[in-house]
Amino acid sequence: EQAIKIINLDELEDQARQIIPQGGFGYISEGSEDEWTKARNRAAFNTVQIAPRVLHSVEAPSTSTSVFGVSIKTPVIMAPTAAQGLAHTRGEAATAEGVAAAGTIMSQSTYGTTSIAETAEASKGAPWFFQLYMSNDWEFNEALLDEAKSHGAAAVVLTVDSMQGGYREPDIRNEFQFPLPMANLAAFSETSGKGKGIFEIYAAAKQKITGADVRRVAEYVGLPVIVKGIQDPCDAALALGSGASGIWVSNHGGRQLNGGPGSFDVLPSIARAVNGRVPVIFDSGVRRGSQVFKALASGADLVAIGRPAIYALALGGAQGVRTVFEYLTHEFRIVMQLAGTQTVDDVKRAKLLHY
Ligand code: FNR
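Residues numbered from 1 in each chain as written. Predicted model: local features only at pLDDT ≥ 70, side-chain atom pairs only at ≥ 80, totals over all residues. Heavy atoms only, no water.

Q: Which residues make up the site of the ligand, and what are the values?
A: The full set close to the ligand counts 22 residues, and Pro 80, Ser 109, Thr 159, Asp 283 and Arg 287 are the nearest of them. Backbone polar atom of Gly 306 to an oxygen atom of the ligand: 2.9 Å apart, as the coordinates give it. Measuring from an oxygen atom of the ligand, one finds a backbone N or O atom of Arg 307 at 3.0 Å. Isolated, the ligand exposes 600 Å² of accessible area, and the fraction of that covered by the protein chains is 99%. A breakdown of the residues in the shell around the ligand according to their chemical character gives seven nonpolar, ten polar and five charged. (Near = heavy atom within 4 Å. Polar contact = N/O pair within 3.5 Å; in protein donor to acceptor, adjacent residues only side chain to side chain. Areas by Shrake-Rupley, 256 points an atom, 1.4 Å probe, with all protein chains shown as cover. Nonpolar A, V, L, I, M, F, W, Y, C, P; charged D, E, K, R; others polar.)

Quick look at the structure:
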């Protein structure tokens, strides 16, 4: 646990590479196939520009916002990422603590290395989401949803882009196997995942996921269900028609389908399809305050980050995670002012240019 200094989020990757063992680092950083989509996630932001606005009398812009009735200090939240024990001995518990200290939302993955209870406790009353990878075993799904609800999850994130793991070469080259048990698997299934490769873990997940599954989860859990992994307006409409209370636009950080567009490329059309009916969360490739701005101005209500937070977790534990969220929010606040926006709602109404 130590203070880390951040100049920009990209630099964390090389620093983290020095301290995370090769197999774990490969798993965290990788994309699928030749990582074209992972790279496009970054490049896509360069297809639009922020309109510089002056004479708007903006001082000390406010980054605070709210979602599902909970107020947060920043629109930047934590994406669900598996096996954070690979980065730090305290794993998700440290992440949850850092995220809470930054005043924003933690998302717990089904494949966390600390338990739902322990991670929830570390959130210290701050809002958090529980992410479900549906299993073929409905009792497993129920057990996880019950556990998440009883410990106070604000919403369930149902990830639907992982009916099959993307082809990720570093894991194959490194013969990567999870060196740690995954707490929820250990508690509620036959295998803990320890000593298993990623393909074996995905094999237990439900492959055929449809709108009926969204509805079943929503009806069972009685919490807002956010459908994660949406990259097409028609699929957003399908999710909404099946009872989704939120749409999470994501291509899994370029780890699943390679050859598809950057996540930011598809955000505007999906936001138009959702048309303000439910919150839109956006992720994949966000590393800069200006990118947070562009995502919000393109229809996102919240923006999530994955890898940079895990790298910061490795480098500085809970403090490191806190610093990442505060730092990215700081960059975003500078952009807000230079673009003449006082509030997050102003950002959502801001004009983007296409030169
Ligand atoms: C993920 N992601 C992910 N998503 C999910 O719904 N459940 C999960 O368990 C995981 N696990 C996971 C592990 C690791 C190591 C990474 C990097 C990502 C995807 C994640 O939620 C998010 O969509 C991406 O991380 C966003 O892209 P960036 O910010 O990492 O570029």
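Once you've had a look at it, read on.
Q: Which residues make up the side chain of Ser 29, and what values do they have?
A: Here Ser 29 lies in helix H2 (residues 22-29). In this structure the side chain of Ser 29 is engaged in a polar contact, spanning 2.9 Å, whose partner is the backbone oxygen of Phe 25. Sequence-distant contacts of Ser 29, defined by excluding residues within four places in its chain, comprise Glu 13, Lys 38, Arg 255, Arg 307 and Tyr 311. (Helix = DSSP H or I, 4+ residues; strand = E, 2+ residues; numbered from the N terminus. Contact = heavy atoms within 4.5 Å.)

Q: Quick one: what's the story with the sheet that holds strand S10 (residues 280-283), residue by residue and with numbers?
A: Taken together, the eight strands give an open sheet; going across it, the order is S4-S11-S10-S9-S8-S7-S6-S5, and neighbouring strands pair in parallel fashion. Where the open sheet ends on each side, the last strands, each with one partner, are strand S4 (76-78) and strand S5 (106-108). Between one strand and the next, the sheet's axes are offset by a mean angle of 30°, whatever the strand orientation. Along the sheet face, helix H10 (residues 211-221) touches strand S6 (128-132), strand S7 (155-159) and strand S8 (225-230) and points at about 160° away from the line of S7. (Pairing = 2+ DSSP bridges. Axes fitted to C-alpha atoms, helices over the stretch in contact; angles between N-to-C directions.)

Q: Give a description of the environment of Thr 81 that names residues and reports values.
A: With respect to the helices and strands, the residue Thr 81 is situated in the loop between S4 and helix H4 (91-101). Judged by its relative accessible area of 14%, Thr 81 falls in the buried class. Along the sequence, Thr 81 and Gly 306 sit 225 residues apart, while their C-alpha atoms lie 6.5 Å from each other. At 2.9 Å, the side chain of Thr 81 forms a polar contact with the side chain of Gln 84. (Buried < 20%, exposed > 50% of the residue type's maximum accessible area, 1.4 Å probe, protein only.)

Q: Talk me through the UniProt feature "binding site: glyoxylate" (unreviewed entry) in the protein; I want residue IDs and the actual numbers.
A: Mapped onto this numbering, the UniProt entry gives "binding site: glyoxylate" (unreviewed entry) at Tyr 27, Tyr 133, Arg 168, His 252 and Arg 255. Of note, Tyr 27 is situated in helix H2. Inspection of the secondary structure puts Arg 255 in the loop between strand S9 (246-249) and helix H12 (263-274). Every residue in contact with Arg 255, bar those within four places of it in the chain, is listed here: Tyr 27, Ile 28, Ser 29, Glu 30, Gly 31, Ser 32, Gly 166, Arg 168 and Arg 307. (UniProt positions renumbered as here; feature names shortened; annotations may be inferred.)

Q: Give a detailed account of the nonpolar core, specifying residues and quantitative values.
A: Among the nonpolar cores identified, the biggest contains 103 residues, and Val 217, Ile 247 and Phe 325 are the most heavily contacted of them. Take this core: its biggest share by element is 16 residues, from helix H14 (residues 307-338). For Phe 325, the residues in contact, after removing those within four places along its chain, are Val 76, Ile 77, Met 78, Val 99, Ala 102, Thr 104, Ile 305 and Ala 309. In terms of nonpolar packing, the next biggest core, distinct from the first, is built from 13 residues, Val 67, Ala 155, Leu 302 and Ala 304 among them. (Core = buried A, V, L, I, M, F, W, Y, C linked by side-chain atoms within 4.5 Å.)

Q: Go over the UniProt feature "active site" (unreviewed entry) in the protein, please, and point to the residues and values.
A: Here the UniProt-annotated "active site" (unreviewed entry) positions come out as His 252. Structurally, the position occupied by His 252 is in the loop between S9 and H12. On the accessibility criterion, His 252 (12% relative accessible area) is buried. Once residues lying within four places of it in the same chain are set aside, the contact partners of His 252 are Tyr 133, Thr 159, Asp 161, Ser 162, Tyr 202, Lys 228 and Ser 284. Among the polar contacts made by the side chain of His 252, one reaches the side chain of Asp 161 at a distance of 2.9 Å.

Q: How would you sum up the pattern of salt bridges? Please name residues and give values.
A: Under the counting rule described, the total for this entry stands at 13 salt bridges. Linking Arg 42 and Asp 10 is a salt bridge whose minimum nitrogen-to-oxygen distance equals 3.0 Å. Placement of Arg 42 in helix H3 (residues 36-43) and of Asp 10 in the segment before helix H1 (11-17) is noted, with a sequence separation of 32 residues between them. The class for Asp 10 is partly exposed, based on a relative accessible area of 34%. A salt bridge links Asp 346 to Arg 349; the nearest nitrogen and oxygen atoms lie 2.8 Å apart. Linking Asp 346 with Arg 349, this pair stays in helix H15 (residues 344-349), spanning three residues, or about one helical turn. Given a relative accessible area of 23%, Asp 346 falls into the partly exposed group. (Salt bridge = Lys/Arg side-chain N within 4 Å of Asp/Glu carboxyl O.)

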